Amino acid sequence: MNLDGIHHVTAITGDAQRAIDFHVGVLGLRLVKTTVNFDAPDLYHLYMGDESGSPGSILTFFEVRGATPGRAGAGMVHRIVWRVPSADSLDAWAGRLGDAGRPVERGDSSLVSSDPEGLGIELVVGSPEDGAARAALSDGVAPEHALGGIAGVRAYSRAPEATEGVLTGGLGFVREAAGRLVTRGAERRGLYLVEASPDERPLQGAGTVHHVAWTAPDAEHAAWIARVRASGGHPTEVIDRQYFRSIYFHEPGGVMFEIASAGPGFAVDESPEHLGEALRLPPQYERHRDAIEERLTPLDNPRARPATPVAADTRETP
Ligand code: ZN
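Criteria and thresholds
- Residues numbered from 1 in each chain as written.
- Predicted model: local features only at pLDDT ≥ 70, side-chain atom pairs only at ≥ 80, totals over all residues.
- Heavy atoms only, no water.
- Donors = N, O, S within 2.8 Å, 3.2 Å for Na, K, Ca; no water.
- Helix = DSSP H or I, 4+ residues; strand = E, 2+ residues; numbered from the N terminus.
- Pairing = 2+ DSSP bridges.
- Contact = heavy atoms within 4.5 Å.
- Axes fitted to C-alpha atoms, helices over the stretch in contact; angles between N-to-C directions.
- Polar contact = N/O pair within 3.5 Å; in protein donor to acceptor, adjacent residues only side chain to side chain.
- Buried < 20%, exposed > 50% of the residue type's maximum accessible area, 1.4 Å probe, protein only.
- Arc of directions from axis to C-beta.

**Q** Even after reading the chapter, I still don't get the coordination of the zinc ion, so can you show me in this structure?
**A** In an ideal tetrahedron of four donors about a metal, each angle is 109.5 degrees. In an ideal octahedron of six donors, the angles are 90 or 180 degrees. On the protein side, the zinc ion has His-8 (NE2), His-211 (NE2) and Glu-258 (OE) as donor atoms, found 1.9 to 2.1 Å from it. Donor residues binding the zinc ion come from one chain and are separated in sequence as H-x202-H-x46-E. In this pair, His-211 sits in strand 13 (residues 209–215) while Glu-258 sits in strand 16 (residues 256–264), placing the two residues 47 residues apart along the sequence.

Okay, here's the thing in structure tokens:
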């Protein structure tokens, strides 16, 4: 029983439209669910990913409108690592991110950038053992360079040794190198890259990661709760998140972990062709829809508009 790679990463944005403009418009993800924070229904919760929002492809945002910029520090994930198909893809993305006004640091085998709120992004070339690529279709991004899902995350641990001990002990990760922990599940691999924390005080705010979720089938949730407890953690019970079921706990380095089921998925309350286009509410909030909609700012989703035909020779690359 191993965690089957990343399920999703959840970050905080101060401006949902800005998050869509970048992650859908530039990175080429598909907005697969527009809903609200189930614990605070006047705030958006947006899910982006591949065409169906497969586990491993999903980046989600809580919108805290006007939130002050955060600063990643001890006990926080500070960068999301995405897979791309090839070294050529790294070059193509360096161009595309640069054109979008983002800083780009091209290493030998990676590219480091950030979103407009400072959320760290790293692109690495994937390998077949990572599992099948999970890419969205996008007007602006050539399919041969599309992001293929989240490889893993980089985190600042408050206690790197304890983090490594618990992850390689109870949670089934393998230490590939110093600070490089890997889980190999039935279908996918996931990376947890552990770094010592900077001295600056962490600040949860816009552009920071809230938690990281790993994938495991429903049938294994009870066993995971037992394992996390045996490792000294304090897991929640299984919580129904409408699109998946989850347990939550903190790893010893302070980062919030979630273990989420693959199903039922995002087509449970709208058709696969129109994922993300209309505001979906969980049953308990449906009767308050009018009041909730009044408080939310309408969003412009590039994928929900009719495609603009682009001649092949003028098509933007990648
Ligand atoms: Zn989550």
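**Q** Honestly, the sheet that holds strand 15 (residues 244–250) in this entry has me stumped. Any pointers?
**A** Each strand in a sheet pairs with another by means of backbone hydrogen bonds, the pair being arranged parallel or else antiparallel. Pairing in this open sheet of eight strands is mixed, and the strands run 2-3-4-1-13-16-15-14 from one edge to the other. Edge strands, defined here as strands with exactly one partner in the open sheet, are strand 2 (30–37) and strand 14 (239–240). As paired strands, strand 3 (residues 40–49) and strand 4 (residues 58–63) are joined by four bridges and run antiparallel to one another. Its bridge partner being in strand 4, Tyr-47 is matched across the sheet by Thr-60.

**Q** Honestly, the sheet that holds strand 5 (residues 76–84) in this entry has me stumped. Any pointers?
**A** Taking strand neighbours across the sheet as the criterion, the eight strands line up as 6-7-8-5-9-12-11-10 in an open arrangement whose pairing is mixed. At either margin of the open sheet sits one strand with a lone partner, and together these are strand 6 (105–106) and strand 10 (174–177). Here strand 7 (residues 110–114) pairs with strand 8 (residues 120–125) via five bridges, running antiparallel. Across the sheet, residue Ser-110 finds its bridge partner in strand 8, namely Val-124. Where helix 3 (residues 160–168) meets the sheet, it contacts strand 9 (150–157), strand 10, strand 11 (180–184) and strand 12 (189–196), and its direction lies at approximately 160 degrees from that of strand 12.

**Q** Can you walk me through the side chain of Asp-50 in this structure?
**A** Relative to the helices and strands, Asp-50 resides in the loop between strand 3 and strand 4. For Asp-50, the side chain forms a polar contact with the side chain of Ser-54, separated by 2.6 Å. Once you skip the residues sitting within four places of it in the chain, Asp-50 turns out to touch Arg-30, Val-32, Ser-57, Arg-134, Ala-135 and Ala-136.

**Q** What is the right way to read helix 4 (residues 221–230) from this model?
**A** Each α-helix turn comprises 3.6 residues. Residues three or four places apart therefore point the same way. Those residues of helix 4 lying buried are His-221, Trp-224, Ile-225 and Val-228. Down the axis of helix 4, the buried side of the element spans an arc of 105 degrees, and every buried residue falls inside it. Seen from the open side of helix 4, the exposed residues pointing more than 90 degrees away from its buried face are Ala-222 and Ala-230. In the core, the buried residues of helix 4 are packed alongside strand 15 and strand 16. Backbone geometry just after helix 4 places Gly-232 at a positive phi near 95 degrees.

These figures capture arrangement, not role.
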